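So the chains spell out like this:
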Amino acid sequence: MTTQTKSYAFADTMTMLRRNMIHAKRYPSMVFSIIIMPTVLMLIFNFVFGGALEKSSGGNYIDYLAPGMLLLLPAYMTVSVAVSIASDASKGIVNRFRVMSISQSSMLTGQVLGSLLQAIGGIAMMLGVALLIGFRPSAGVVEWIAALGLLVLVTFAFSWLAIALGLISPNVESASNAPFPIVMMPFLGSGLVATDTMPVGLRQFAEYQPFTPITETLRGLLMGTEIGINGWVSLAWCVVIAGGGFLWSKSIFRKQAK
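Residues numbered from 1 in each chain as written. Predicted model: local features only at pLDDT ≥ 70, side-chain atom pairs only at ≥ 80, totals over all residues. Heavy atoms only, no water.

**Section: the packing of aromatic side chains**
Working step 1: Counting across every chain of the model gives five aromatic pairs.
Working step 2: Taking the centre distance of 5.0 Å and the plane angle of 85° together, the rings of W160 and F246 count as edge-to-face. With W160 in helix α7 (residues 141–168) and F246 in helix α12 (residues 230–257), this pair connects stretches of sequence that are 86 residues apart.
Working step 3: The partly exposed category is assigned to F246, whose relative accessible area is 33%.
Working step 4: We note R219 situated over the ring of Y64; from NZ or CZ to the ring centre the distance is 3.7 Å. (Phe/Tyr/Trp six-rings, centres within 6.5 Å; stacked < 30°, edge-to-face > 60°. Helix = DSSP H or I, 4+ residues; strand = E, 2+ residues; numbered from the N terminus. Buried < 20%, exposed > 50% of the residue type's maximum accessible area, 1.4 Å probe, protein only. Lys NZ or Arg CZ within 6 Å of the ring centre and 35° of its normal.)

Structure representation (structure tokens):
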């Protein structure tokens, strides 16, 4: 790829990113459900169930809860990404882009970048609310940078997987349901309670699914708890999910163009 070609691809991606952000402004209900809803759930779990769950957390429940709740944003973002891709495909917009003189991958990469920006906004809002209700992280500057980097990496990885789910969905309704298992996974990990309080079958699932090591890594960075090998496991999961989602999306996109 020449320098000029790379420049065109970058410009096309920025155009698609602007398009994605304009769509987000035009559909505030989707923004509410994807970005604000995780914050609402954090408030519900803290104030409704926090008293009962405080014993399992070993201290101030919001300190245990907040790192896990932050991962709801990447999970919920998969719904927005899948629906947006499926909506463009069902309206024929994807086919129009294919015959235009633009980088064919710019629509996908612009979507991923848009989801990252929205997730960062949601993370900032959720952290602000968590701090207001008693969240007291012990992280230093380096730990904060690492924690935010991990959240961005998780969002990036699952956004590519969501693009693939959107491309294979026959309609918008199917696309909104396809990421449901991903949305549920943060709840079925160590985000709300320690996994050793769960029944055997559920505990085994919770311990080996990707959101548990990611949650423990994030909690360790922000609260100073033991991370162990969870950091490396989290990075491995992100690489596998991002790589698999990227290759799957590219494969589907090319097949649909034929």
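**Quick word on the packing of helix α4 (residues 72–90) against α7**
Working step 1: Between α4 and α7, the shortest axis-to-axis distance is 8 Å and the interhelical angle comes to 35°. Both α4 and α7 take part in a crossing whose hand is right-handed. Together, P74, T78, V81, A82, I85 and A86 of α4 and L151, V154, T155, F158, S159, A162, I163, G166 and L167 of α7 make up the contact between the two elements.
Working step 2: Of the residues assigned to the contact of α4 with α7, the class counts are eleven nonpolar, four polar and no charged. (Axes fitted to C-alpha atoms, helices over the stretch in contact; angles between N-to-C directions. Left-handed = near helix turned anticlockwise from the far one by under 90°. Contact = heavy atoms within 4.5 Å. Nonpolar A, V, L, I, M, F, W, Y, C, P; charged D, E, K, R; others polar.)

**Side note on the pattern of salt bridges**
Opposite charge on two side chains lets them pair, provided their charged atoms get close.
Working step 1: All chains considered together, the criterion is met by one salt bridge.
Working step 2: Across the pair R219 and E216 runs a salt bridge, and its minimum N-O distance is 2.8 Å. A residue pair is termed a helical-turn pair when its members lie 3 or 4 positions apart in one helix, as R219 and E216 do in helix α11 (residues 211–223) at three residues. In terms of burial, R219 and E216 fall into one category: buried. (Salt bridge = Lys/Arg side-chain N within 4 Å of Asp/Glu carboxyl O.)

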